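# Structure at a glance
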Amino acid sequence: MRCSAGVLNLYLVVCFVLHLFIAGWCDDPQKENVSDEVSDTGKVTDQKISGWDVYKRLFAGKRLDHKDAVSTIVAMEGYTKQYKMINILLENIFKVIPDAQTGLQQAGYYPGPFPENTDIKDALSRLLENVAFFGDILLRFPDITHDVLKKHQDWRVIVEAAVVFCNQTQLYSKGVNQEQLNLISQELGLVEKDPNYVNPFSREGQMAQEQQILQAAQSSKGKPKKKKDREKRKGPRLSRSKNEL
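The paragraphs below set out a description of the structure included in this document. Treat the numbers as computed from the prediction; the structure is a model and nothing was measured.

## Notes on the pattern of salt bridges
Considering all chains together, one arrives at six salt bridges under this definition. We note a salt bridge from D143 to R203, for which the minimum N-O separation is 4.0 Å. Of the two residues, D143 is situated in helix 5 (residues 142-151) and R203 in helix 8 (residues 203-219); the sequence distance between them amounts to 60 residues. Across the salt bridge formed by R156 and E160, the nearest N and O atoms sit 3.2 Å from each other. Here R156 and its partner E160 are both found in helix 6 (residues 153-167), four residues apart, which amounts to about one turn of the helix.

If you want it as structure tokens, here you go:
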């Protein structure tokens, strides 16, 4: 039995993306908590690097994988294929997140210093990374994601708790990560939306953009004519004299 090219491509994409859910914490920050630096006296000094600092570097690398995955979905032809892929991804995300939440709760871990226990580190990293990946999907494919969430009300409860947890960690304390978490919260309606908040990838956002373009075009219709009139008045004009003969 032979698979069609479309089914095969979808399978390959699924395999490419699902590896993102398998790996958790891959490096031990305790192995990198000593950095050799030369002091003014020429002696080598030990400078401790926090577990969060090390993890942030690993997290940045994982985020590149997330962006590649989203780009892969964008490149897929057809709404149906994108919907199927996103549904598969969300099913996996919402298996990983509650499992990680349970592990952290059982270990009694709350946002604070980066954990030293390997199992806790693994659960924490999987939670943080999958919330970030969920955010990428939500913000880039809002209509599809909201439609899937409507069919799984329990997922919404899970992600709301996960977003609150992430917001309390040092990873999301500032910068791009904090900005993304804020956009996720607005898109999900967890916080009051900024008056200027518009998701350009949503149907509502696209309609708003089209309306702005239409209004801009309508308001500028009269301007070219006025400009032409001014150009005519400024340009060389033949007087009714000898030049007319």
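Now that the structure has been shown, we can carry on.
## Points about helix 2 (residues 51-75)
In a regular helix each residue adds 1.5 Å, so 25 residues correspond to 36 Å; helix 2 covers 36 Å between its end C-alpha atoms and thus fits that length. Within the sequence span of helix 2, burial applies to G51, W52, V54, Y55, F59, K62, R63, H66, A69, V70 and I73.

## What to know about the side chain of T169
Relative to the helices and strands, T169 is located in the loop between helix 6 and helix 7 (175-188). Polar side-chain contacts of T169 include one of 2.7 Å to the backbone oxygen of C166. The contacts of T169, once residues within four sequence positions are left out, are W52, P111 and L128.

## Focus: the packing of aromatic side chains
The geometry of an aromatic ring pair is captured by two quantities: the separation of the ring centres and the angle between the planes. Here the structure, examined in full by the defined rule, presents eight aromatic pairs. When the ring of Y79 is compared with that of Y83, the centres are 6.0 Å apart and the planes differ by 45 degrees; the resulting orientation is tilted. Residue Y79 and its partner Y83 are both found in helix 3 (residues 79-107); the two are separated by four residues, about one turn of the helix. Since its relative accessible area comes to 45%, Y79 is described here as partly exposed. On the basis of relative accessibility, which here comes to 16%, the residue Y83 falls in the buried class. Plain terms: the ring middles of F94 and F134 are 5.6 Å apart, the flat faces sit at 80 degrees to each other, and that makes the pair edge-to-face.

The rules behind the values
Residues numbered from 1 in each chain as written. Predicted model: local features only at pLDDT ≥ 70, side-chain atom pairs only at ≥ 80, totals over all residues. Heavy atoms only, no water. Salt bridge = Lys/Arg side-chain N within 4 Å of Asp/Glu carboxyl O. Helix = DSSP H or I, 4+ residues; strand = E, 2+ residues; numbered from the N terminus. Expected span 1.5 Å × (residues − 1). Buried < 20%, exposed > 50% of the residue type's maximum accessible area, 1.4 Å probe, protein only. Polar contact = N/O pair within 3.5 Å; in protein donor to acceptor, adjacent residues only side chain to side chain. Contact = heavy atoms within 4.5 Å. Phe/Tyr/Trp six-rings, centres within 6.5 Å; stacked < 30°, edge-to-face > 60°.

Note that every value here comes from positions in space, so none of it alone points to a role or purpose.
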